[in-house]
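Take a look at the letters that make up each chain.
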Amino acid sequence: MTVLISTQNLEKKFGDIHAVRGISLDVQKGEVLGFLGPNGAGKSTTMKMITGFLTPDTGTAEICGFDIVKEPIEAKRRIGYLPEGAPLYSDMTPHSFLNFIADIHGIDKSSRSDRIADAVNKTGLEPVYHQVIDTLSKGFKRRVGLAQAILNDPDVLILDEPTDGLDPNQKHLVRELISAMAKEKAIIISTHILEEVEAVCSRAVVIDQGRVIVDGTADELQGRSALYNAVTLKTAEASAGALIEKLEALEFVKQVETLSQMNGTKRLRAIPIDGKPIASDITSVIQEQGTVVQEIYVEQVRLDDVFRQLTTAEGE
Amino acid sequence: MANTWYIAKRELFGYFGSPLAYVFIVIFVALTGAFAFYIGALFERGQADLQSFFIYHPWLYLILVPAIAMRLWADERKSGTIELLMTLPIEAWQAILGKFLAAWATIGLALILTFPMWITVNYLGDPDNGVILASYLGSFLMAGAFLAIGSCISALTKNQVIAFVVSAVICFLFVMSGAELVLNFFRAWAPEFMVDVIGGLSFLTHFEQLTKGVIDLADLVFFLSFIVFWLFANTIIVEMKKAD
């Protein structure tokens, strides 16, 4: 695989604030990397350094082999960037704005109209193509920003909160667009919406206080939760004691906790060791014992919870 | 160089796509005319020249040029489009030069549109058109110097009002630096050569030379190197402050 984005030990301080403290990442062609992290974690600052807007205090980033600090022009040619908030020249129309971007990228006359038509088509800008950007809705503005970023068909896409402020349909459209482009490019998106990570990202990186604290797939991220693969069940109070004993004897069960007790029933939760799947072992125990169980389910880990667990524990 | 032109083209599009350029041009032409006729007594002097027209240009530029320069970078920083601009594959100086040239060309157009003054004096008498041409050149160069200051100051702040006021004050100092009032202040404590340097930076002195019809290389070099210096400072400031 080809590594298209490579950052080495990026650091940035703003006065006393150490915004980014050594971020090293490689992103390969075909990967969509989701940047997660609380506000002020250093996501945008990292993206600004990768795109050459900010100069890192130490470290550097390479885009397709070009160093963003030493060869900024060559590197920038290969990046499509949607800055946070999608700033645009609001006195222009999408038509004139995209032509300006095409000018700067040196897209020649012969392929220009095709390129622009393609970007406009992919982002669904046709209805507002000749309207002044200032008068467009937030969703359309964001899409003009996206069209600008993909216009040059860059190898690397850096999108800072690409779906922020869009309605559910527009979000879906943008995610489909990202997925469709994913094969040919290396893409980094930052987001607060964790479902987006599951929907489009092949890899998730959680940043907190300027450091990478998790780097893995969305599944691996869920695996970080203590509740990953935990099994919750409800049974009669009378049979609970024996069941707990049997379950705790299982190889991969760490412990069984009692969640609640009411109307002669108990709600129990079995926590696995290292997130191992234990549901089938538990069902066989129940069958052997002939215990009557009213409810049984595997806990669904919400990424939000994992995220909160990871990013609040760090500060303590 | 192509990139400089693309940036300039975009800026000009912005000027002429909004009332900005038209308001500027109309006010400039109206005010230069009003000053020349009512205060400069163009007719009453009974001389076929444009002295009373050009003499007010430094004072008009003092207000009008910072007004057109204030948005150049302050607006770009305030709206965040500077992030877009500076992550495109262009050098910072290309963006700075492009924006400067677009604004300068707009002022140039306003200056050209004062041509009825020139027709008037030619109709009424027999002026020295060489002097008038040199004066136009001087006025245009001086506008460029004002504009370079304004562009540089505009990169220091996100606030256009601050950019306007600070630029106007700095421009005022450069206009007045040849005046006895200012020079006496420095004579009190500064060495003589420094007083000479300060006096030599006066826009008025260099501009007056040109309005007399004397196209001295030194005056041209003064204005051009003045512009280059401020645009160079502008580049450094944009690089330093762009992400603040």
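Everything below is about the structure printed above this text.
Novice: Describe in detail the pairing of strand S2 (residues 17-28) of chain A, supporting the description with residues and values.
Specialist: Residue and element names in this part refer to chain A. When strand S1 (residues 3-14) meets S2, the two strands line up antiparallel, connected through 9 bridges. Of the residues in S2, the one forming a bridge with Thr7 is Leu25. Taking the residues that link successive antiparallel strands as the turn, the S1-S2 hairpin has 2 residues, and the phi of Gly15 there is positive, at about 60°.

Novice: I'd love a proper account of the packing of aromatic side chains, names of residues and values included.
Specialist: The tally for this structure, following the rule as stated, stands at 26 aromatic pairs over all chains. For the ring pair Tyr89 of chain A and Phe100 of chain A, a centre distance of 6.2 Å and an interplane angle of 80° mean the geometry is edge-to-face. Pair noted here: Tyr89 of chain A is in the loop between strand S6 (79-82) and helix H3 (94-104) and Phe100 of chain A is in helix H3, with a separation of 11 residues, a long-range link. In this structure Phe100 of chain A comes out as buried when scored by relative accessible area, which is 4%. Grouping aromatic residues by their ring pairs yields a cluster made of Phe24, Phe28, Tyr61, Phe146, Phe174, Phe203, Phe222, Phe223, Phe226, Phe229 and Trp230 of chain B. Here Arg10 of chain B stacks its cationic end above the ring of Tyr89 of chain A, 3.6 Å away from the centre of that ring. In this arrangement the basic side chain of Lys99 of chain B is found over the ring face of Trp73 of chain B, its NZ or CZ atom lying 4.9 Å from the centre.

Novice: Could you give an account of the nonpolar core, naming the residues involved and the relevant values?
Specialist: By size, the foremost hydrophobic cluster in this structure holds 122 residues, and its most contacted members are Phe97 of chain A together with Trp73 and Phe203 of chain B. With 12 residues, the top contributor of residues to this core is helix H9 (residues 129-154) of chain B. Not counting the four nearest positions on each side in its chain, Phe97 of chain A is found in contact with Leu88, Tyr89, Met92, Ile133, Val144 and Gln148 of chain A together with Leu84 of chain B. If you look at the next biggest cluster of nonpolar residues, it comprises 27 residues, including Ala19, Val20, Val27 and Ala61 of chain A.

Novice: Can you break down the sheet that holds strand S4 (residues 58-63) of chain A residue by residue, with the values?
Specialist: One key point about sheets: their strands pair by backbone hydrogen bonds, in either a parallel or an antiparallel sense. Residue and element names in this part refer to chain A. The antiparallel open sheet is built from 4 strands, whose spatial order is S2-S1-S4-S5. Edge positions in the open sheet fall to S2 and strand S5 (66-67), since each of these has one partner strand only. Pairing of S4 with S5 involves 2 bridges; the strand directions are antiparallel. Paired with Ile63 across the bridge in S5 is Phe66. Most of the contacts of helix H1 (residues 43-50) go to S1, to which it runs at about 120°, and overall it touches S1, S2 and S4.

Novice: Hey, could you go over unusual backbone geometry for me, with residue numbers and the actual values?
Specialist: All names here are of chain A. The residue Asn9 is not glycine, and still its phi comes out positive at about 50°. By the element assignment, Asn9 lies in strand S1. Of note, the phi angle at Cys64 is positive, near 50°, even though the residue is not glycine.

Novice: Account for the interface of chain B and chain A, naming residues and giving values.
Specialist: Taken residue by residue, the interface counts 23 residues in chain B and 23 residues in chain A. Together, the buried faces of chain B and chain A total about 2300 Å²; carbon and sulfur atoms form 68% of this surface. Where chain B touches chain A, the interface holds 3 salt bridges. Linking Asp91 of chain A and Arg10 of chain B is a salt bridge whose minimum nitrogen-to-oxygen distance equals 3.7 Å. Connecting chain B to chain A are 5 residue pairs in polar contact (both at pLDDT 80 or more). Sorting the residues of the side of chain B that touches chain A by element identifies helix H1 (2-17), helix H5 (71-79) and helix H6 (81-86) of chain B as the ones contributing at least two each. Top element by residues in the side of chain B that touches chain A is H1 of chain B. It accounts for 7 residues. Here the residues of the side of chain B that touches chain A sort into 11 nonpolar, 6 polar and 6 charged.

Novice: Which residues make up the sheet that holds strand S14 (residues 293-298) of chain A, and what are the values?
Specialist: All names here are of chain A. One open sheet accounts for 4 strands, arranged S12-S13-S11-S14; its pairing is antiparallel. Both edges of this open sheet fall to strand S12 (253-262) and S14, since each of them pairs with a single strand only. Averaged over neighbouring strand pairs, the angle between their axes works out to 20° when direction is ignored. In this sheet, strand S13 (residues 265-272) lies alongside S12 in antiparallel orientation, the contact comprising 8 bridges. Bridge assignment links Gln255 to a residue of S13, and that residue is Ile271. The strands that helix H9 (residues 237-248) touches are strand S11 (231-236), S12 and S13; relative to S11, the one it contacts most, it runs at about 145°. Lying over the sheet, helix H10 (residues 279-289) contacts S11, S13 and S14, oriented at roughly 165° with respect to S14.

Novice: Explain the pattern of salt bridges to me, using residue names and the numbers behind them.
Specialist: Scanning the model with the defined rule gives 22 salt bridges over all chains in all. Two residues, Glu74 of chain A and Arg77 of chain A, come together in a salt bridge whose shortest N-O distance is 3.5 Å. One end of the pair, Glu74 of chain A, and the other, Arg77 of chain A, are both in helix H2 (residues 72-77), 3 residues apart, so they sit about a helical turn from each other. Note on Arg77 of chain A: relative accessible area 35%, which makes it partly exposed. For Glu11 of chain B, the salt bridge goes to Lys99 of chain B, with nearest N and O atoms at 3.0 Å. One end of the pair, Glu11 of chain B, is in helix H1; the other, Lys99 of chain B, is in helix H7 (residues 92-112), with 88 residues separating them in the sequence. Overlapping salt bridges, with partners in common, bring together Asp91 of chain A together with Arg10, Glu11, Arg71, Glu76 and Lys99 of chain B in one network.

Cut-offs and rules
Sequence order as written defines the numbering, with residues in each chain counted from 1. Just so you know, chain letters begin at A and ligand numbers begin at 1, following the order they were written in. The predicted nature of this model means local features are confined to residues of pLDDT at least 70 and side-chain atom pairs, given and counted, to a pLDDT of 80 or more, with totals for whole chains, interfaces and linings taken over all residues. Side-chain metrics in this entry use all non-hydrogen atoms of the structure; hydrogen atoms and water are not considered. DSSP calls a pair of strands paired once it identifies at least 2 bridges connecting them. A helix here means a DSSP run of H or I that spans at least four residues, while a strand means a run of E at least two residues long, and both kinds are numbered starting from the N terminus. Aromatic rings from Phe, Tyr and Trp, taking only the six-membered ring of Trp, are treated as a pair when their centres fall within 6.5 Å; an angle between ring planes under 30 degrees marks them as stacked, one over 60 as edge-to-face, and anything in between as tilted. Buried means the residue's accessible area, taken with a 1.4 Å probe over protein chains only, is under 20% of the maximum for its type, while exposed means over 50%, and partly exposed covers the values in between. Lysine and arginine charges are scored as sitting over a ring when NZ or CZ, respectively, is within 6 Å of the ring centre and within 35 degrees of the ring normal. We call a set of buried Ala, Val, Leu, Ile, Met, Phe, Trp, Tyr and Cys residues a nonpolar core when their side-chain atoms join them within 4.5 Å. Throughout, a contact is declared for two residues whenever any of their heavy atoms are within 4.5 Å. The convention used is that axes are lines fitted to C-alpha atoms, helices contributing only their stretch in contact, and that angles between N-to-C directions extend from 0 to 180 degrees. Buried area, as used here, totals the accessible surface that two parts lose on assembly, with accessibility defined by a 1.4 Å probe and the loss added over both. Between Lys or Arg on one side and Asp or Glu on the other, a salt bridge is scored when a side-chain nitrogen of the former is within 4 Å of a carboxyl oxygen of the latter. A 3.5 Å cut-off defines polar contacts: any pair of N or O atoms within that distance qualifies, except that in protein one atom must be a possible hydrogen donor and the other a possible acceptor, and neighbouring residues in sequence count only when both atoms are side-chain atoms. Three residue categories are used. Nonpolar comprises Ala, Val, Leu, Ile, Met, Phe, Trp, Tyr, Cys and Pro, charged comprises Asp, Glu, Lys and Arg, and polar comprises the others, including Gly.

Function cannot be read off these values alone, since they describe shape.
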